[in-house]
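Chain residues, written in single-letter form:
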Amino acid sequence: MEYRGLKVPGAWEITPRQLGDRRGVFLEWFKEPGFTTAVGRTLDLQQANCSVSAAGVLRGIHFADAPPGQAKYVTCAKGTVLDVVVDLRAGSPTFGQWDSVLLDDIDRRAIFISEGLGHAFLSLEDDSTVMYLCSTGYNPEREHEVSPLDPDIGIDWPAVGRDGRPLHWRLSDKDLAAPTLQQALDSGLLPRYREGVD
C-alpha cells in the first residue's frame, strides 16, 4: 500500500496494490501494521458503516465532538465519489482548508480522516457504495455538521458525474440547514486544535 499525506494534516490517501487475473481482483483495503507505520497511530475499530448513494447525493460536512471525536477510514466498494476532508479544528494552522480524494471501483483508494476533521462526499454515479471503518460508534448527541456549500470553505464540487451527465446535488434537510464554518466557530461547536496532538 502507498500512503500520501493530504494538505490537511491528519488525513491520508491510501492506494492499495491490486492483484488481478482472469477471475477478477484481490486487494487488501486496510492492513496493520503498515497503517500504524505510515500514519503514526492505530485505528481502534468500533463501528463499520456502509452508505449507498444515487448520483448527485452530497453528504456532509460531518464531524463528532472531540474528544473523543471519530476517525474514519473510508473506501468506495462500487461506483465513484469525490471524498473531501476539511480542517474544522479551531486554531489549526490549516483551519478551513480542504483536500479531496477520488474514491472509485477502479483505483480502489481509501482515505483516512483523523478526529477533529470534517468529512463529506459527493456521489458521482448511482449506487455508489461507501464503506467506513470508525474509531467510535455513532452518538447523535455528539454528531454535527457544517454546510458543504459554504463559500468560505469553497469546496470545488463537480457539476458532472462519472458518465459526463450533469449532476443535481441532493442534500439531506439536516445538511441543508447546517451552519457555515464561521457560524459553527462563533457558536463554539467546532473541535479545538491541540498542537503536538493533532
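Residues numbered from 1 in each chain as written. Predicted model: local features only at pLDDT ≥ 70, side-chain atom pairs only at ≥ 80, totals over all residues. Heavy atoms only, no water.

- The name given to the protein chain in an unreviewed UniProt entry is dTDP-4-keto-6-deoxy-D-glucose epimerase, with Rhodococcus xishaensis as the source organism.
- Heading Sequence similarities (unreviewed entry) of the UniProt record for the protein chain holds this comment: "Belongs to the dTDP-4-dehydrorhamnose 3,5-epimerase family." (UniProt positions renumbered as here; feature names shortened; annotations may be inferred.)

## Some remarks on unusual backbone geometry
Step number 1: Of the consecutive residues Glu-32 and Pro-33, the connecting peptide bond is found in the cis state with omega at 0°.
Step number 2: Positionally, Pro-33 belongs in the loop between strand 4 (24-26) and helix 1 (34-39).
Step number 3: Pro-67 follows Ala-66 through a cis peptide bond whose omega is -5°.
Step number 4: Along the chain, Pro-67 turns up in the loop between strand 6 (58-64) and strand 7 (72-78).
Step number 5: In this model, Asp-127 sits at a positive phi of 65°, which is unusual for a non-glycine residue.
Step number 6: By secondary structure assignment, the location of Asp-127 is in the loop between strand 11 (117-123) and strand 12 (128-134). (Helix = DSSP H or I, 4+ residues; strand = E, 2+ residues; numbered from the N terminus.)

## Considering the UniProt feature "active site" (unreviewed entry) in the protein chain
Step number 1: UniProt tags His-62 and Tyr-132 as "active site" (unreviewed entry). With the annotated positions falling across 71 residues, the maximum pairwise C-alpha distance of 13.3 Å places them together in a single cluster.
Step number 2: Residue placement: His-62 occurs in strand 6.
Step number 3: Accessibility expressed as a relative area gives 27% for His-62, which makes it partly exposed.
Step number 4: In contact with His-62, other than residues within four places in its own chain, are Lys-72, Leu-117, Gly-118, His-119, His-144, Glu-145 and Asp-175.
Step number 5: At 3.4 Å, the side chain of His-62 and the backbone nitrogen of Gly-60 are in polar contact.
Step number 6: Of note, Tyr-132 is situated in strand 12. (Buried < 20%, exposed > 50% of the residue type's maximum accessible area, 1.4 Å probe, protein only. Contact = heavy atoms within 4.5 Å. Polar contact = N/O pair within 3.5 Å; in protein donor to acceptor, adjacent residues only side chain to side chain.)

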